[in-house]
Amino acid sequence: MLKAEIRDKYTVTIGIECHVQLKTKTKLFAAVGNDAREAPPNTLVSHICFGLPGALPVLNKEALTLASKAAFALGTEPERFSKFVRKHYFYPDLPKGYQITQFDEPIIGKGEITIEVDGQAKKIGITRAHLEEDAGKSTHTEGTDYSTVDLNRAGTPLLEIVSEPDMHSSAEAKAYARELYLRMRYADVSYANLYYGNMRFDVNVSVSTTDELGTRSETKNLNSFKSVERAVEFEVERQIELLEKGGQVVQETRGWDDAKQKTISQRSKENADDYRYMPDPDIPPVLLEETFVAKIKSEMPELPDDYRKKFNAMEIDSQVIEDIIAVPSTAKLVSRIFDQSNAEHARRVAFWTMQPSSDDDPEEATESAYNETQLIALSELVSGNKLSST
């Protein structure tokens, strides 16, 4: 553990790229199933996923709808014009040799979200969010000298959300990851199941004693809020210790070893990769009509901040509010009870039904088995001293 006086010399800067799998029925460019959670390897595939000669991708309109909803959840609106490009790289889980993505004209431009750490609100800027197809999954089984490739995930629609480097502590990084998760769930654009990798976080960390940013490391594929927090903590300590000993931080990609609670070097990244971006000749530019955008805006569900404002009026502790909001079904139930009765009943039912939020499996919480009418009636019995609070 670094001494406080040493750590305080350094400014920590953090940016996060978040990959969100959109909950479409089929893939981004192919009419095959998109839910690969329990599917046997290489069963949700087509000639398009394999990149066979002559295979022509067709854009999934629902992916555009969900990405547009995500734009409003990120404090902005979808861009009326966007386009797809080919990003070339060569890896076994990418049979085509290129990924169809967006580059200079993405579907979502600048936005922002607000997080709260230690009672202080802070705005985190969103640089952009672009639509792209996911790659397949390579598995390296221990004790073997080969890898296996599963292309079920190839072509899954992803929204990559890129933050500004506005975070300066592990607590802020964790709060930002959690808020993104909540907004994607409440906007109903993703299942956001962290266990299945529906959301994955790549965390960029640098430290510096000057106003200039230091050399950054990128820790990829984190799938819990706790691992985001701990990976940032480890990287800050590692980089400062390295610099204090006269060494240099190397720009590289690192992985997170959850068992050892440390990051591990995976590959150096001295220069920006040359992906040879070129316009995709098979996918025409996307033009969103004003009526399309207006319809999505009018149908947006309530977001976490809407529930926070409502629950604040019920005079509930802020941490209890966050525990309620952690499970959307609980938040919606408490909100309906508040609308149909009063703050007393809503508050009581909130304590009955909420479950403490979990860093790793927030989606595991179960829905209440009772409807609001039954719960209000039960709360009225407690208010009338006809039932004890237990």
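In the block above lies the structure referred to throughout.
Below is a short write-up of the structure.

About the criteria used
Residues numbered from 1 in each chain as written. Predicted model: local features only at pLDDT ≥ 70, side-chain atom pairs only at ≥ 80, totals over all residues. Heavy atoms only, no water. Buried < 20%, exposed > 50% of the residue type's maximum accessible area, 1.4 Å probe, protein only. Helix = DSSP H or I, 4+ residues; strand = E, 2+ residues; numbered from the N terminus. Pairing = 2+ DSSP bridges. Phe/Tyr/Trp six-rings, centres within 6.5 Å; stacked < 30°, edge-to-face > 60°. Lys NZ or Arg CZ within 6 Å of the ring centre and 35° of its normal. Axes fitted to C-alpha atoms, helices over the stretch in contact; angles between N-to-C directions. Contact = heavy atoms within 4.5 Å.

1. A short note on the pairing of strand S3 (residues 85-88)
Here's step 1: Residue alternation in S3 divides its side chains into two sets, Val 85 and Lys 87 and Arg 86 and His 88, and both sets are buried.
Here's step 2: Across 2 bridges, S3 lies against strand S14 (residues 278-279) in antiparallel orientation. Bridged to Arg 86 within S14 is Met 278.

2. Digging into the packing of aromatic side chains
For any pair of aromatic rings, the description rests on two quantities: the centre-to-centre distance and the angle between the ring planes.
Here's step 1: Under the counting rule described, the total for this entry stands at 8 aromatic pairs.
Here's step 2: Both rings, one in Phe 103 and one in Tyr 277, keep their centres 4.0 Å apart while their planes meet at 10°; by these two values the pair is stacked. Here the residue Phe 103 occupies a position in the loop between strand S4 (98-101) and strand S5 (111-117), and Tyr 277 occupies one in the loop between strand S13 (262-268) and S14, the gap between them amounting to 174 residues.
Here's step 3: A residue is classified by how much of its surface remains accessible, and Tyr 277, at 31% relative accessible area, is partly exposed.
Here's step 4: The interplanar angle of 50° and the centroid separation of 5.5 Å between the aromatic rings of Tyr 186 and Tyr 307 together place this pair among those described as tilted. In this pair, Tyr 186 sits in helix H4 (residues 170-186) while Tyr 307 sits in helix H7 (residues 304-312), placing the two residues 121 residues apart along the sequence. Taken individually, Tyr 186 and Tyr 307 each receive the classification buried, so the pair is uniform in this respect.
Here's step 5: Put simply, the rings of Tyr 89, Phe 103, Tyr 275 and Tyr 277 touch in pairs and so form one group of aromatic residues.
Here's step 6: In this structure, Lys 87 is placed above the aromatic ring of Tyr 275, and the distance from its NZ or CZ to the ring centre is 4.4 Å.

3. Quick notes on the environment of Gly 33
Here's step 1: If you trace the backbone, Gly 33 turns up in the loop between strand S1 (11-21) and helix H2 (47-50).
Here's step 2: Here Gly 33 falls in the partly exposed class, since its relative accessible area comes to 28%.
Here's step 3: Considered as a pair, Gly 33 and Ala 259 are 226 residues apart in the sequence and their alpha carbons are 33 Å apart.

4. Side note on the sheet that holds S13
Strands belonging to one sheet form pairs held by backbone hydrogen bonds; the direction of such a pair is parallel or antiparallel.
Here's step 1: The mixed open sheet is built from 8 strands, whose spatial order is S5-S6-S9-S1-S10-S11-S12-S13. In this open sheet, the two edge strands, each paired with only one partner strand, are S5 and S13. Mean inter-strand twist for the sheet, computed between neighbouring axes without regard to direction, equals 30°.
Here's step 2: Strand contacts of H4: S1, S5, strand S6 (120-133), strand S9 (157-163) and strand S10 (199-208), with the helix running at about 120° to S5, the strand carrying the most contacts.

5. What to know about the environment of Thr 148
Here's step 1: Among the secondary structure elements, Thr 148 is positioned in strand S8 (residues 148-150).
Here's step 2: Distance in space between the C-alpha atoms of Thr 148 and Val 162 is 30 Å, their sequence separation being 14 residues.
Here's step 3: Excluding its chain neighbours within four sequence positions, the residues that come into contact with Thr 148 are Lys 137, Ser 138 and Thr 139.

6. Notes on the side chain of Glu 322
Here's step 1: With respect to the element layout, Glu 322 can be found in helix H8 (residues 318-325).
Here's step 2: Ignoring sequence-local partners within four residues, the contact set of Glu 322 consists of Arg 178 and Arg 308.

Such coordinate-based values are descriptive only and should not be taken to indicate function.
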